[in-house]
Structure formats: C-alpha cells, structure tokens
Amino acid sequence: MSESNLKIWILASRPKTLPAALAPVLIGTAMAYEASGFHLLSCIAATIGALLIQIGTNFANDYYDFKKGADEGERLGPTRVTQSGMVSPSIMKKATYFVFTLALLSGVYLVFRGGWPIVIIGLSSILFGILYTGGPYPLGYNGLADIFVLIFFGPVAVGGTYYVQTLEINYIVLLAGLSPGLFSVAILTVNNLRDIENDKKVGKKTLAVRFGASYARFQYTASVAIGMLISLIIVFYISDKYYLLISLFTLIVALPLIRKVYTIKGRELNNVLASTGKLLLLYSLLFSIGWLI
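So, here is what we can say about the structure in this document. A quick note: this is a predicted structure, and the numbers were derived from the prediction, not measured.

## So, the overall build of the protein
And then number 1: Check the secondary structure of the protein and you find 14 helices and zero strands.
And then number 2: Written out in order from the N terminus, the α and β elements of the protein read α-α-α-α-α-α-α-α-α-α-α-α-α-α.
And then number 3: The C-alpha extent of the protein, read off along each of the three principal axes, is 55 × 45 × 35 Å.
And then number 4: Here the protein holds 293 residues, and the buried ones make up 54% of them.
And then number 5: Nonlocal contacts in the protein, meaning residues at least 24 apart in sequence, comprise 76% of its contacts between residues at least 6 apart.

Below you can see the structure in the form of structure tokens.
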C-alpha cells in the first residue's frame, strides 16, 4: 500500500472518533484490575475488537451516506473518501465488511473465554454498526443513533471489557459505563449540530433536525454534565472511592467547549468535536486513576 493510499484509509477511519472506542475499554480494564481480575490477553483482544468495530462503523457511514446522498452539497465535516471520489463505493463496501470480519476474528478468543454473552455483544455491535446508516430504517436517519451510542459505547463496552477479564458483572460497572456513553452522545450531538442544515435538505432526521439547534446545544451540555456526575453518584454508593472525584477536573476543559457550542456553528464545530473526543479520553483516564488509587 502506497503512502497516499494509507493516508486515505486513515482519513476514512476518522481517528478523532476513536477515543469513543478506547475510553470504555480503559475504564472496564481499570475496574477489572482493581477487582484482581485483570487478564492481559482479554484486554488486548477487547481493545482491538473495539477499535475495529469503530473503524468498520465509520467505513459503513462513509459508504451508506454516499449511497443515500447525505454527503451531497457543501460538506462541513471531515472529507468523506467515497463522496470525494478517493475510494470507489464498491471498494469501500468491501473494506467495511473486511474490517468487521477482522473484528469477528479478534473476538474468537473472547468467545472462548466469555461464552455466549460475548457472542451477543460482538454480533449486535457489528449489526448496529451497519444499521447505523445502512438498512431500510437506518438509526442515524431516524433519531435513534443517540440511544445506540449511549448503550454500545457505554455500559455494553465497559461491561463487556470487565466481564471478559473477571467473568462476572455488577451494577456499578454498568453505571460507570454510562459516562463514556454520554460523552460519546455529546460527540454525536456536535456532529449533528454542525450538519443540521444539510441533514434537513437530505431528509436525515437526527434529533438536532427534529427538535432544533437549541435542543442539540442543551443535549450536548446535559450529556457532558451528567457524564461527569456519574463518578459522584458512584461515590455516593461506594464512599471509599472518593478519589474518583478527580475526574471532575475535566470540568475545566468542558466549560469552554460548552460555551463554544452556544456561540459558534458550522465548520467551526469540527474543533469542538475533536476536543470532546479528547475530553472523553481525559475523563476516562482520570476515572481509571481514581478507581485504582
């Protein structure tokens, strides 16, 4: 593969969205380690699987949005390689299923270790990754993507990571999973707020389109705020985990982003989207450190 081709596929993988895949694995692994259940091979396999599913979903979005005409007109977000002609639709479709196949293969070991729950998690994650923009009733076109993101990038990802290492699960782990899920919803919300006008034109009924820009700004603020407060709720239930409160320092980074969401629009929101991904990773790192202290 030439250097130029590699750059195209890196662009298609949308690196700025990958913190949404890594963050829940980080939290789930930290909680498993504290429970004396850390398992290196499972951790590695879960990380690879999460990244591949995220990349496969991004490839599917690139392909299906092109097929549905959602990328027509002036694009405000990062370049879509299918729409721009850098990759043909047939190649992108093959690449999508190739990456999802790799994700399945990376999960074979996890299935042997964790059994049928991992089969359900893996297959449903891939299925909804395709249905996000594909199929007869795509989630992203009907305002249901936010629920998918909250669940699969939150409790499912954190709980699944914890389970394959410890072979058990509890409600605190699932509660902790709401944080990365909510931050990921915030990332999606910025994306939808940025594209609201074009989405209206192509009939893409995101929540931002259905309820308006003011609602989207409120949703972003609420997602970030509640996401950070999850650690406070956990401390209420487990008082000796008060070091988790160091994760609230992410508020220093979050406040300027919230202000920007209310004061800028269009292409300028690309920086907010990327910064929200970094905010998610920072929160997850601080949460993990606080959990382990």
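Past the structure itself, the notes keep going.
## Some points on the packing of helix H2 (residues 19-34) against helix H3 (residues 40-68)
And then number 1: Running from amino to carboxyl end, H2 crosses H3 at an angle of 160°, the nearest separation of the two axes being 8 Å. Taken together, H2 and H3 sit at an angle that is classed as roughly antiparallel. You can see that H2 and H3 cross each other, and the crossing is right-handed. Across from Ala20, Ala21, Leu22, Val25 and Thr29 in H2, the residues of H3 making contact are Cys43, Ala46, Thr47, Ala50, Leu51 and Gln54.
And then number 2: Residue classes in the contact of H2 with H3 are distributed as eight nonpolar, three polar and no charged.

## Section: a nonpolar patch on the surface
And then number 1: Taken together, the side chains of Leu26, Leu229, Leu232, Tyr242, Tyr243, Leu245, Leu285, Ile289 and Ile293 present a nonpolar region at the surface, about 770 Å² in accessible area.
And then number 2: Elements represented by at least two residues in the nonpolar patch include exactly helix H12 (213-237) and helix H14 (269-292).
And then number 3: Mapped onto the secondary structure, Leu229 falls in helix H12.

## Focus on the side chain of Thr166
And then number 1: Here Thr166 shows up in helix H8 (residues 155-166).
And then number 2: Here Thr166 falls in the buried class, since its relative accessible area comes to 16%.
And then number 3: Polar side-chain contacts of Thr166 include one of 2.9 Å to the backbone oxygen of Tyr162.
And then number 4: Here Glu168 takes part through its backbone oxygen, which lies 3.1 Å from a polar atom of the side chain of Thr166.
And then number 5: Apart from residues lying up to four places away in sequence, Thr166 is in contact with Ala32 and Gly37.

## Regarding the nonpolar core
Nonpolar side chains in soluble globular proteins generally cluster together in the buried interior.
And then number 1: Membership of the largest hydrophobic core comes to 49 residues, with the highest contact counts inside it found for Met31, Tyr220, Val224, Ile234, Val272 and Phe287.
And then number 2: Counting residues per element, the ones that place at least two in this core are H2, helix H7 (145-152), H8, helix H9 (171-194), H12, helix H13 (251-263) and H14.
And then number 3: Examining the composition of this core, we find that twelve residues originate from one element, H9, more than from any other.
And then number 4: When sequence neighbours within four positions are dropped, the list of residues in contact with Val272 reads Val190, Tyr220, Leu257, Lys260, Val261 and Ile264.
And then number 5: Core analysis: the next-biggest nonpolar cluster, separate from the first, contains 18 residues, Ile8, Leu52, Val99 and Ala103 among them.

## Here's the deal with the environment of Lys278
And then number 1: The residue Lys278 is located in helix H14 in this model.
And then number 2: By relative accessible area, which is 61% here, Lys278 ends up exposed.

## Some thoughts on unusual backbone geometry
And then number 1: Of note, the phi angle at Ser36 is positive, near 60°, even though the residue is not glycine.
And then number 2: Mapping Ser36 onto the fold places it in the loop between H2 and H3.

## What about the packing of aromatic side chains?
And then number 1: If you walk through the whole model with that rule in mind, you get 15 aromatic pairs.
And then number 2: With a centroid separation of 5.1 Å and 35° between ring planes, the pair formed by Phe148 and Phe152 is classed as tilted. Taken as a pair, Phe148 and Phe152 lie in helix H7 at a separation of four residues, close to a single helical turn.
And then number 3: Judged by its relative accessible area of 8%, Phe148 falls in the buried class.
And then number 4: Ring geometry for Phe211 against Tyr215: centres 5.1 Å apart, planes inclined by 55°, an arrangement best described as tilted.
And then number 5: Relative accessible area serves as the criterion here: at 55%, Phe211 is assigned to the exposed category.
And then number 6: Within the aromatic cluster, the residues linked to one another by ring pairs are Phe128, Tyr132, Phe148, Phe152 and Phe153.
And then number 7: Over the face of the ring belonging to Tyr141 we find Lys204, whose NZ or CZ atom lies 5.0 Å from the ring centre.
And then number 8: Lys241 extends its terminal NZ or CZ atom over the ring of Trp291, reaching a point 4.5 Å from the ring centre.

Each value, and the rule that gives it
Residues numbered from 1 in each chain as written. Predicted model: local features only at pLDDT ≥ 70, side-chain atom pairs only at ≥ 80, totals over all residues. Heavy atoms only, no water. Helix = DSSP H or I, 4+ residues; strand = E, 2+ residues; numbered from the N terminus. Buried < 20%, exposed > 50% of the residue type's maximum accessible area, 1.4 Å probe, protein only. Contact = heavy atoms within 4.5 Å. Axes fitted to C-alpha atoms, helices over the stretch in contact; angles between N-to-C directions. Parallel < 35°, antiparallel > 145°, perpendicular 65-115°, else oblique. Left-handed = near helix turned anticlockwise from the far one by under 90°. Nonpolar A, V, L, I, M, F, W, Y, C, P; charged D, E, K, R; others polar. Patch = residues over 30% accessible without salt bridge, like charges linked within 9 Å, V, L, I, M, F, W, Y side chains within 5 Å. Areas by Shrake-Rupley, 256 points an atom, 1.4 Å probe, with all protein chains shown as cover. Salt bridge = Lys/Arg side-chain N within 4 Å of Asp/Glu carboxyl O. Polar contact = N/O pair within 3.5 Å; in protein donor to acceptor, adjacent residues only side chain to side chain. Core = buried A, V, L, I, M, F, W, Y, C linked by side-chain atoms within 4.5 Å. Phe/Tyr/Trp six-rings, centres within 6.5 Å; stacked < 30°, edge-to-face > 60°. Lys NZ or Arg CZ within 6 Å of the ring centre and 35° of its normal.

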